[in-house]
Amino acid sequence: MKNVLITGAAGFIGSNFVRYELEKHADWNIVVYDKLTYAGNLDNLKDVAEKFGGRYRFMQGDIADREAVFGCVKDNGIDLIINFAADSHVDRSLTEPGSFIMTDVYGTYVLLEAAREFNIARFHQISTDEVYGDIEAPGRSTEEDKLHGSSPYSASKAGGDLMCLAYARSFNVPVTITRGTNNIGPFQYPEKVVPVWVTNAIDGLPLPMYGDGRQMRDYQYVLDHCEGIDVVIEKGALGEVYNIGSGIETRNIDLAHAILDLLGKPYSLIQTITDRPGHDRRYAIDNSKARELGWQPGHTFAQALEKTVRWYLENESWWRKIKSGEYLAYYKKQYAGREI
Ligand code: NAD
Ligand code: DAU
């Protein structure tokens, strides 16, 4: 059996990844280590705890807490660390950058120290295409590009990546990194654009669109990303970085139209608001290095969005519980008075 520590897996992508891996690898015991910030939600793992109780364990803790992390790695005889834990929302990093630096940079360093101390067989870092900054068409970011974080979030993620590569080179920690594009799918906290827009549209509420809506993102289905991470952990070369994304770019305005079409709602729900400071115009990645390992995206943009919208329609109780709590104050602070 392999003992695998997955941090930040009470959040969106990590919870999907844990479910995916427990199904796929009968020889994995998974310990989820998560601080349970506003974005961590044990409802995301309820079915996992019921189905895989014997091979799944949850521990609440902060990745920046050295003693707790070392204790967890030692007590569970961890072989592999996969780090999803992060403060992950760009807008929040513009108002509260400190916690991003603590988790995304310092927390990553603490995990790397644990990997070094306990001779972990693999440390895999979950990163993002945002570390490249925006790129003009028709260019595509490759793994060799310089890092140009535009927000405190992306700068912190870039710091985490550089620390991983430094630990690989200086201390031979067996590191791999994946840089994923925008994920969509089940269990995404309704602060990211797709769940905000889908849940607002279901309720006939405005879809807040930053600036001219011509910013471009690569929206990939979360399970395609999970598969890509799995392939890199199995076949990726140590010390290497791999981009994971669909390779398909979509403008925000076209995303809004597609969501409203799927839900049969009018385009008049789109509400232009003031732009995000430092907003990156376009992300586009070259995913050929991951493809060379045998991975390929399994969904088109239309398939990914359709599945995602259907999940939010069928799981209203999940998001309504979130949207009725402290979220209301967040939403007001984030959006009130920005209408143009
Ligand atoms: P999320 O915000 O949904 O979940 C983050 C999780 O990390 C939460 O469960 C939270 O409780 C936990 N966490 C936060 N600080 C912690 C700390 N100090 N110690 C322990 N746990 C902590 O995030 P997500 O969207 O699932 O993203 C997961 C990872 O993937 C992040 O590293 C993010 O940078 C990266 N990523 C996200 C996307 C995307 O589109 N969402 C794309 C590419 C990469
Ligand atoms: O590219 C990968 C990154 O994707 C991840 O690293 C981040 O964790 C994740 O949050 C995401 O970052 P983005 O900033 O691209 O995602 P977000 O959903 O916040 O915004 C997507 C686009 O939609 C962006 O151009 C801003 C715009 N937007 C966003 C929100 C929340 C709006 O127009 N209105 C909104 O209300």
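Residues numbered from 1 in each chain as written. Chains lettered and ligands numbered in written order. Predicted model: local features only at pLDDT ≥ 70, side-chain atom pairs only at ≥ 80, totals over all residues. Heavy atoms only, no water.

Peer 1: Please explain the overall build of the chain as it appears in this structure.
Peer 2: For the chain, the helix and strand inventory stands at 13 helices and 13 strands. Relative to the 2.2 N^0.38 estimate, which gives 20 Å for 340 residues, the radius of gyration of the chain is 19 Å and therefore close to what a compact globule would have. In terms of its C-alpha atoms, the chain occupies a principal-axis envelope of roughly 55 × 45 × 40 Å. For the chain, with 340 residues in total, the buried portion stands at 57%. If you take every contact in the chain between residues at least 6 apart in sequence, the share linking residues at least 24 apart comes to 84%. Carbon and sulfur atoms form 51% of the exposed surface of the chain, whose accessible area is close to 14100 Å². (Helix = DSSP H or I, 4+ residues; strand = E, 2+ residues; numbered from the N terminus. Rg over C-alpha atoms; globule rule 2.2 N^0.38 Å. Buried < 20%, exposed > 50% of the residue type's maximum accessible area, 1.4 Å probe, protein only. Contact = heavy atoms within 4.5 Å. Areas by Shrake-Rupley, 256 points an atom, 1.4 Å probe, with all protein chains shown as cover.)

Peer 1: Sorry, what's going on with the site of ligand 2 here?
Peer 2: In the region of ligand 2, 26 residues are neighbours, and Thr128, Asp129, Glu130, Tyr153 and Arg276 sit closest. Asn182 has a polar side-chain atom sitting 2.8 Å from an oxygen atom of ligand 2. Separating an oxygen atom of ligand 2 from a backbone N or O atom of Tyr210 is a distance of 2.9 Å. Protein coverage of the free-state accessible area of ligand 2, which is 690 Å², stands at 95%. Across the shell around ligand 2, the residue classes break down as 10 nonpolar, nine polar and seven charged. (Near = heavy atom within 4 Å. Polar contact = N/O pair within 3.5 Å; in protein donor to acceptor, adjacent residues only side chain to side chain. Nonpolar A, V, L, I, M, F, W, Y, C, P; charged D, E, K, R; others polar.)

Peer 1: Could you clarify how one ought to interpret helix H11 (residues 301-314) in this entry?
Peer 2: Given 3.6 residues per turn, any residue in an α-helix points the same way as the ones three and four places further on. Compared with the 20 Å implied by 1.5 Å per residue over 14 residues, the 20 Å span of H11 between its first and last C-alpha is a close match. Restricting attention to buried positions, one finds in H11 the residues Phe301, Ala304, Leu305, Thr308, Val309, Trp311 and Tyr312. What you see down the axis of H11 is that its buried residues fit within an arc of 155°, all on one side. Facing away from the buried side of H11 by over 90 degrees, the exposed positions are Ala302 and Glu314. (Expected span 1.5 Å × (residues − 1). Arc of directions from axis to C-beta.)

Peer 1: Any chance you could explain the pattern of salt bridges here in plain terms?
Peer 2: Two side chains of opposite charge can pair, provided their charged atoms sit close to one another. According to the stated counting rule, one finds 20 salt bridges in the structure shown. Taking the shortest distance from any N to any O, the salt bridge between Arg276 and Asp91 comes out at 2.8 Å. Taken together, the positions of Arg276 in the loop between strand S13 (270-273) and helix H10 (288-291) and Asp91 in helix H4 (residues 90-95) put the pair 185 residues apart, joining distant regions of the chain. Overall, the relative accessible area of 14% leaves Arg276 in the buried class. Assessed through its relative accessible area of 5%, Asp91 is described here as buried. Note that Asp203 is salt-bridged to Arg320, the shortest N-O span being 2.8 Å. Residue Asp203 is located in the loop between helix H7 (193-202) and strand S8 (207-210), and its partner Arg320 is located in helix H12 (residues 316-323); the two are separated by 117 residues in the primary sequence. You can call Asp203 partly exposed: its relative accessible area is 34%. Linked by salt bridges that have partners in common, Lys24, Asp230 and Glu234 make up one network. (Salt bridge = Lys/Arg side-chain N within 4 Å of Asp/Glu carboxyl O.)

Peer 1: How should I be thinking about the sheet that holds strand S2 (residues 28-34) in this particular structure?
Peer 2: Remark on secondary structure: sheet strands pair via backbone hydrogen bonds, oriented parallel or antiparallel. On the basis of which strands lie adjacent, the open sheet formed by seven strands has the order S3-S2-S1-S4-S5-S6-S11 and parallel pairing. Each edge of the open sheet carries a strand with a single partner, namely strand S3 (56-60) and strand S11 (241-244). Strand-to-strand twist across the sheet, computed as the mean angle between neighbouring axes with direction ignored, equals 20°. Sheet topology note: the strand S1 (residues 2-7)/strand S4 (residues 80-83) ladder contains four bridges and is parallel. (Pairing = 2+ DSSP bridges. Axes fitted to C-alpha atoms, helices over the stretch in contact; angles between N-to-C directions.)

Peer 1: Help me understand the nonpolar core in this model?
Peer 2: One finds Trp197, Val198, Leu255, Ile259 and Leu305 to be the most contacted residues of the largest nonpolar core, which totals 35 residues. Secondary structure elements with two or more residues in this core: H7, S8, strand S10 (219-221), helix H9 (252-263), S13, H11, H12 and helix H13 (327-335). Excluding residues that lie within four positions of it along the chain, Ile259 makes contacts with Val194, Trp197, Val198, Ala201 and Leu305. (Core = buried A, V, L, I, M, F, W, Y, C linked by side-chain atoms within 4.5 Å.)

Peer 1: Please explain the packing of aromatic side chains as it appears in this structure.
Peer 2: For any pair of aromatic rings, the description rests on two quantities: the centre-to-centre distance and the angle between the ring planes. In this structure the tally under the stated criterion is 15 aromatic pairs. Taking the centre distance of 6.3 Å and the plane angle of 80° together, the rings of Phe100 and Tyr153 count as edge-to-face. Of this pair, Phe100 sits in helix H5 (residues 97-117) while Tyr153 sits in helix H6 (residues 152-171), and the two are 53 residues apart along the sequence. Both residues of the pair, Phe100 and Tyr153, belong to the buried class. Ring centres of Tyr312 and Trp318 lie 6.3 Å apart, and the angle between their planes is 70°; on these two criteria the pair is classed as edge-to-face. Each member of the pair, Tyr312 as well as Trp318, carries the same accessibility label: buried. Grouped by ring-pair contacts, the aromatic residues Tyr38, Tyr189, Tyr327, Tyr330, Tyr331 and Tyr335 constitute a single cluster. Of note, Arg92 hangs over the ring of Tyr38, and the distance from its end group to the ring centre comes to 3.6 Å. Above the plane of the ring of Phe171 lies Arg116, whose end atom (NZ or CZ) is 3.6 Å from the centre. (Phe/Tyr/Trp six-rings, centres within 6.5 Å; stacked < 30°, edge-to-face > 60°. Lys NZ or Arg CZ within 6 Å of the ring centre and 35° of its normal.)

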